Amino acid sequence: MKKPVGAEKKRVKRSSGSASTSVRDSGSDSQPRQAVKKDSFQLFAEKVRDHKGLESRWAVMEQARVEYFRGKDFVSFMKNNPDFKDILEEDKDLDTDDIANVLLGKNLLVRCDRVTKTLRPGKKKLSTWPAHLEIFRDDQSFSENDAFFAWTFEKRHPLWQTLLSFFWPVLTLAICLFPVYPHRCKLIVLYSCAGILLMILSLLFVRAVAFGAMWILLGKRVWFFPNILAEEATLKELFRFWPKKDEEEPPKWTSRLFYTVVAIVVVMLLRRHAPDEAARARYQRRMSNIIDDVLEWSPKLALSGLMENQQPVNITDAANNSSDSAGGPDQTEEVDLDETQGEDLDETQGKEEAEGWTDSDLKT
């Protein structure tokens, strides 16, 4: 039996509709899976940024602090760490320039340029790591030649920073409760803080003296521990001993001679106006008394002092005190009368002697 043509057309339409719905459903299922899966370039950027092999610095760009690196450092980092390309999976065969351009296209990086493009007086070349940057307006593409690139995404905080954020309130509370510590704990905290502070000040003093001596004698700018006062530095960079290479012009001999005279005058003034042994002993005794007051204070002493001030007054003692105060004014009045009389006699004698001297002078 032959089927009508209209039934076949309806069947075809239904089958096509069901296929489209199935495709739509499969597409809707695949989209969440792709969204859940993290972008390989995002993961690559996070891994590279957290790695210590890529040298980076912090700078100010458009009123915001950004972390940036140089193009040539990124190329050398990829040469020394080729395993990082495995994170990109299908795109692991890309060159370093292509990877950087993809990162720029995904807004994970932005190319920057230095704000100050002219040499400062006494400088031979521009700063290697500028402190102020601006967005490079010409072309957002990768380059090795004097090009800087800043990360645009927020860096994830490691676990120790999260724990440290919870530790700071505890430390603040512990500092506020220092007066109620036991005496032995107070001594440990005091001498530990004093020792650390003395070590830091001694290090800065020796560092400044070494710089001044080499600058005056040799004309070299040598700062030992060059990153000891840096705002942003890793622990390894912070305690780096050897100084950086001096890239500035040597100072003039006139300025070196002037600062030599100033240093000698300052040393002579300090020697002349230095406190003597008695003054030093007095200052030391005063400071030791202040420290003893802080160390020896305890809540028990404070409570005992409050209890002594609030003790009840004895009736017999109050009566004796009142009787003493009642008899006191008469005695004091007698003493005051005697004293006033004696003063009057002295005044009259003084006047008579003065008059006698004047009469004798007139007679002569």
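Rules used in this analysis
- Residues numbered from 1 in each chain as written.
- Predicted model: local features only at pLDDT ≥ 70, side-chain atom pairs only at ≥ 80, totals over all residues.
- Heavy atoms only, no water.
- UniProt positions renumbered as here; feature names shortened; annotations may be inferred.
- Pairing = 2+ DSSP bridges.
- Helix = DSSP H or I, 4+ residues; strand = E, 2+ residues; numbered from the N terminus.
- Axes fitted to C-alpha atoms, helices over the stretch in contact; angles between N-to-C directions.
- Buried < 20%, exposed > 50% of the residue type's maximum accessible area, 1.4 Å probe, protein only.
- Polar contact = N/O pair within 3.5 Å; in protein donor to acceptor, adjacent residues only side chain to side chain.
- Contact = heavy atoms within 4.5 Å.
- Arc of directions from axis to C-beta.
- Patch = residues over 30% accessible without salt bridge, like charges linked within 9 Å, V, L, I, M, F, W, Y side chains within 5 Å.
- Areas by Shrake-Rupley, 256 points an atom, 1.4 Å probe, with all protein chains shown as cover.
- Salt bridge = Lys/Arg side-chain N within 4 Å of Asp/Glu carboxyl O.
- Lys, Arg positive; Asp, Glu negative; His and termini not counted.
- Charge placed at Lys NZ, Arg CZ, Asp CG, Glu CD.
- Parallel < 35°, antiparallel > 145°, perpendicular 65-115°, else oblique.
- Left-handed = near helix turned anticlockwise from the far one by under 90°.
- Nonpolar A, V, L, I, M, F, W, Y, C, P; charged D, E, K, R; others polar.

If you look the protein chain up in an unreviewed UniProt entry, it shows as Translocation protein SEC62 from Arabidopsis thaliana. Per its UniProt entry, the protein chain bears the Sequence similarities (unreviewed entry) comment "Belongs to the SEC62 family." Quoted verbatim from the Subcellular location (unreviewed entry) field of UniProt, the annotation for the protein chain is "Endoplasmic reticulum membrane".

Visitor: Sorry if this is basic, but what is going on with the sheet that holds strand 2 (residues 65-70) here?
Guide: Strand-to-strand pairing in sheets goes through backbone hydrogen bonds, with the strands running parallel or antiparallel. Reading around the circumference, 1-2-5-3-4 is the order of the five strands in this closed barrel, with mixed pairing throughout. Neighbour-to-neighbour, the strand axes of this sheet turn through a mean angle of 55°, independent of strand direction. One ladder, built from three bridges, connects strand 2 with strand 5 (residues 148-151); its direction is antiparallel. Looking across to strand 5, one finds that Tyr 68 is bridged to Ala 150.

Visitor: Teacher, can you tell me more about the side chain of Ser 143 here?
Guide: With respect to the helices and strands, the residue Ser 143 is situated in the loop between strand 4 (132-135) and strand 5. With relative accessibility at 18%, the residue Ser 143 sits in the buried group. Engagement of the side chain of Ser 143 in a polar contact is seen with the backbone nitrogen of Asn 145, the distance being 3.4 Å.

Visitor: Got a minute to help me understand the UniProt feature "transmembrane region" (unreviewed entry) in the protein chain in this structure?
Guide: Mapped onto this numbering, the UniProt entry annotates "transmembrane region" (unreviewed entry) at residues 159-181, 188-217 and 253-270. For residues 253-270, the end-to-end C-alpha separation is 26 Å, with 100% helix and 0% strand making up the annotated structure.

Visitor: So what exactly am I meant to see when it comes to the environment of Leu 119 here?
Guide: Turning to its location among the elements, Leu 119 is positioned in the loop between strand 3 (109-114) and strand 4. When near neighbours in sequence (up to four residues on either side) are disregarded, Leu 119 contacts Lys 124, Lys 125 and Leu 126.

Visitor: Whenever I open this one, helix 4 (residues 96-105) confuses me. Can you help?
Guide: One full turn of an α-helix is made of 3.6 residues, so residues set three or four places apart face in the same direction. Every buried residue of helix 4 is listed here: Thr 96, Ile 99, Ala 100, Leu 103 and Leu 104. The arc that holds every buried residue of helix 4, seen down its axis, measures 140°, which confines them to one face. The elements touched by buried residues of helix 4 are helix 2 (40-50), helix 3 (71-80), strand 3 and strand 5. Remark: Asn 107 follows helix 4 within two positions and exhibits a positive phi of approximately 60°.

Visitor: What is the right way to look at a negative patch on the surface in this model?
Guide: A surface patch of negative charge is lined by Asp 95, Asp 97, Asp 98 and Glu 144. Looking at where Glu 144 falls in the secondary structure, it is placed in the loop between strand 4 and strand 5. A residue is classified by how much of its surface remains accessible, and Glu 144, at 39% relative accessible area, is partly exposed.

Visitor: I would appreciate a short explanation of the packing of helix 3 against helix 4 in the present structure.
Guide: Any two packed helices are characterised by how steeply their axes cross, that is the angle between the axes, and by the distance between the axes. Interaxial distance between helix 3 and helix 4 falls to 10 Å at its minimum, and their mutual angle equals 120°. In terms of orientation, helix 3 and helix 4 fall into the oblique class. When you trace helix 3 past helix 4, the crossing you get is right-handed. On helix 4, the residues that touch Phe 74, Val 75 and Met 78 of helix 3 are Thr 96, Ile 99 and Ala 100. Split by residue class, the contact of helix 3 with helix 4 holds five nonpolar, one polar and no charged.

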